[in-house]
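Structure at a glance
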Amino acid sequence: MMAKHLRSDSVVRQLAHLVPRLYNKLLPVPCFLCGVETADGPLCPDCMADLPEISHQCPLCAMPMQSDTICGDCLKNPPPQQKSISLFTYQEPVDRCISAFKYHRHLGFASLFADLLAKKVQHDYPLATLVPVPLHPIKIRLRGFNQSQEIAKRLSHHLSLPLNPHCLVRSRNTPAQSQLTAKARRQNIRNGFSCNGPPPDSVILIDDVLTSGCTVREAAATLQKAGCPRIEVWTIARAISHY
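Residues numbered from 1 in each chain as written. Predicted model: local features only at pLDDT ≥ 70, side-chain atom pairs only at ≥ 80, totals over all residues. Heavy atoms only, no water.

Secondary structure summary: the chain contains nine helices and eight strands in total. Each of the 243 residues in the chain was classed as buried or not, and the buried ones make up 45%. Accessible surface for the chain amounts to roughly 12900 Å². Of this, 56% is attributable to carbon and sulfur atoms. (Helix = DSSP H or I, 4+ residues; strand = E, 2+ residues; numbered from the N terminus. Buried < 20%, exposed > 50% of the residue type's maximum accessible area, 1.4 Å probe, protein only. Areas by Shrake-Rupley, 256 points an atom, 1.4 Å probe, with all protein chains shown as cover.)

Dropping the structure here:
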C-alpha cells in the first residue's frame, strides 16, 4: 500500500512539472521582455542571451569580480557560509523579471530560475538540504507565496535534493530591506530568524536576490549557531555593490 502511494505521489510530481511545459508548447505565450512568442518559458532565446550573467564571482558572497577570488569585504569580515553562487547581476532586465515573479505572481520565472541554477551547478554541488529563506507568515498571506520556496521546490526536483521549508523560521515581521542602508539592514534583520529544531548537517540556502548580504548572513549565522557546519547560498541575482 505504501509503495503504491509513493508511486502515485511521484506521478503527480512529474505531471506538475510537465503540464506547464506542454501548455507552453501548444499555446505559445509572449516573451515577458520583448513580446515575441516563445514556446518554452517566460523569455525568448534572444532575451535570455542578453541577461547579465556573472562570469566570475567571489566564492564566499558571489560579488562579481574579475576572477574567482575572495573579495576584500569577505577577507576582512568572512560570512558564515562557505560558498555562494549567483546567476546574474541585479540590474535591468533581471530586476524586472524578479519583480514580476515576486509581486505579480509570474510563476513561470520560478521554473526558469530553477532550471538555470541547476545548469549552473551541474554536478558540482553537495549532498545537502535545500532551505528557502523564509518569509514571515504575515508577508506570505499578503503575497500568497514565498518566492524562494517556489524556486527551491523546482530545484529539488531537478537535482534530487531534499527540501525543508520549515527548517528556518522568520521570527519577526521586519520591514522590507530594499530601502534601507547597510547599517539599518543589519539592525533590521538582527535576530530575525530561528531554527525549527536541529538543522541538517549541510544546507543550501535559496533566495532570490543578494544585495548587502545581511539577510543571508543572518540566516546562515542562525543555522551555524544551531549546529549546521556546512552552508552554501544560492541566489538568482547579486547586487553589484554594497549599500
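Now for the nonpolar core. Counting residues in hydrophobic clusters, the biggest one holds 36 residues, and the most contacted among them are F109, F113, I151, L155, I206, W234 and I236. Elements supplying a minimum of two residues to this core: β3 (83-89), α4 (94-104), α5 (108-121), α7 (147-159), β7 (202-210) and β8 (230-238). Broken down by element, the residue count for this core peaks at nine residues, all from α5. Once residues lying within four places of it in the same chain are set aside, the contact partners of I236 are S86, L87, F88, I98, F113, L117, I151, D207 and D208. Residues V131, V133, I189 and V203 belong to the second largest nonpolar core, which totals 17 residues. (Core = buried A, V, L, I, M, F, W, Y, C linked by side-chain atoms within 4.5 Å. Contact = heavy atoms within 4.5 Å.)

What follows is about the confidence of the model for the chain. Here the chain shows a mean pLDDT of 87. Residues at 70 or above account for 81%. Mean pLDDT values over the elements of the chain span from 52, in helix α1 (residues 2-26), up to 98, in strand β4 (residues 129-132). Between residues 2-6, whose pLDDT stays under 50, and residues either more than four places distant or in other chains, the model counts zero contacts. (pLDDT = per-residue confidence, 0-100.)

Time to look at α4. What α4 keeps buried is the set V94, C97, I98, A100, F101 and K102. In this structure, the buried side of α4 is in contact with β3, α5, α6 (137-143), α7, β7 and β8. Just beyond α4, the residue with positive phi is R105, at close to 55 degrees.

At a minimum axis distance of 8 Å, the contact between α5 and α7 shows a crossing angle of 45 degrees. Put simply, α5 runs oblique to α7. With respect to the hand of their crossing, α5 and α7 are arranged in right-handed fashion. Along its contact with α5, which presents A110, S111, F113, A114, D115, L117, A118 and V121, the element α7 presents E150, I151, R154, L155, H158 and L159. Its residues assigned to classes, the contact of α5 with α7 shows nine nonpolar, two polar and three charged. (Axes fitted to C-alpha atoms, helices over the stretch in contact; angles between N-to-C directions. Parallel < 35°, antiparallel > 145°, perpendicular 65-115°, else oblique. Left-handed = near helix turned anticlockwise from the far one by under 90°. Nonpolar A, V, L, I, M, F, W, Y, C, P; charged D, E, K, R; others polar.)

Take the pairing of β8 next. A large share of β8 lies buried, amounting to eight of its nine residues. With six bridges connecting them, β3 and β8 associate as parallel partners. Within β8, the residue paired with S84 across the bridge is V233. Sheet topology places β7 next to β8; eight bridges connect them, and they run parallel. Bridge assignment links L205 to a residue of β8, and that residue is V233. Crossover connection from β7 via helix α9 (residues 214-225) to parallel β8: handedness right-handed. (Pairing = 2+ DSSP bridges. Right-handed = clockwise from strand over helix to strand, strands pointing away.)

The subject of this paragraph is the environment of I204. Topologically, I204 is positioned in strand β7. Expressed as a C-alpha distance, the spacing of I204 and T129, which sit 75 residues apart in the sequence, is 6.0 Å. With sequence-adjacent residues up to four places away left out, I204 is seen in contact with P126, A128, T129, L130, V131, L161, E232 and W234.

All right, on to the environment of A152 then. Relative to the helices and strands, A152 is located in helix α7. With relative accessibility at 0%, the residue A152 sits in the buried group. Sequence spacing of A152 and V133 is 19 residues, and the spatial spacing of their C-alpha atoms is 9.6 Å. Setting aside chain neighbours within four positions, we find A152 in contact with L130, P132, L163 and I206.

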